[in-house]
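# Structural features, examined
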Amino acid sequence: PRQHHSRHDRGPISSPSLATTAAIETIAPGNLAAVQDVVRDLHASASPWIPSGLGSRLGWGAALQPAPVLSLRHCKAVVDHAIDDLTITVQAGLPL
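Residues numbered from 1 in each chain as written. Predicted model: local features only at pLDDT ≥ 70, side-chain atom pairs only at ≥ 80, totals over all residues. Heavy atoms only, no water.

Counting 6 residues, the largest nonpolar core consists of Ile 27, Val 35, Val 38, Leu 42, Leu 70 and Cys 75. Top element by residues in this core is helix α1 (residues 32-44). It accounts for 3 residues. Counting 5 residues, the second-largest nonpolar core is a separate cluster that includes Ile 50, Leu 58, Ala 67 and Val 69. (Core = buried A, V, L, I, M, F, W, Y, C linked by side-chain atoms within 4.5 Å. Buried < 20%, exposed > 50% of the residue type's maximum accessible area, 1.4 Å probe, protein only. Helix = DSSP H or I, 4+ residues; strand = E, 2+ residues; numbered from the N terminus.)

See below:
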């Protein structure tokens with residue numbers, strides 16, 4: 001499989017719900033096309049991964065086995081803002 005990981009932000013992250021206290025690798029693609037490439041590569045190699053928007057809720061839920069965190073922090077566009085409906089559709093990395 002193609003390796004796209006080196007083009008993206010990477011760094012450690014830790015969370016109390018992860019099964020270990022060791023830092024976990026973070027992969028943060030720069031756009032949605034790069035996210036698709038990374039997910040395809042991880043799937044092709046049967047590698048587990050943890051989805052994350054900004055990483056603020058990684059401590060919620062059941063304990064997870066250590067795996068790379070796929071951060072969508074660079075995917076922060078407003079997709080649609082329906083003013084009359086009072087709704088907004090955003091990408092997962094947009095802070096509220």
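Continuing now.
Take the environment of Lys 76 next. Along the chain, the position of Lys 76 falls in the loop between β4 (69-71) and β5 (78-82). Note on Lys 76: relative accessible area 46%, which makes it partly exposed. The spacing of Lys 76 and Leu 32 is 44 residues in sequence and 10.0 Å in space, taken between C-alpha atoms. Beyond its immediate sequence surroundings of up to four residues, Lys 76 is in contact with Gln 91, Gly 93 and Leu 94. (Contact = heavy atoms within 4.5 Å.)

Attention shifts here to the pairing of strand β2 (residues 24-28). Of all 5 residues making up β2, 4 are buried, and the element is well covered by its neighbours. Bridge count between β2 and β4: 2 bridges; the pairing is parallel. Bridge pairing links Thr 26 to Val 69 in β4. (Pairing = 2+ DSSP bridges.)

Averaged over the chain, the pLDDT score is 81; the fraction of residues at 70 or greater is 76%. Confidence over residues 1-7 falls short of pLDDT 50; this stretch has 14 contacts with residues more than four positions distant or in other chains. (pLDDT = per-residue confidence, 0-100.)

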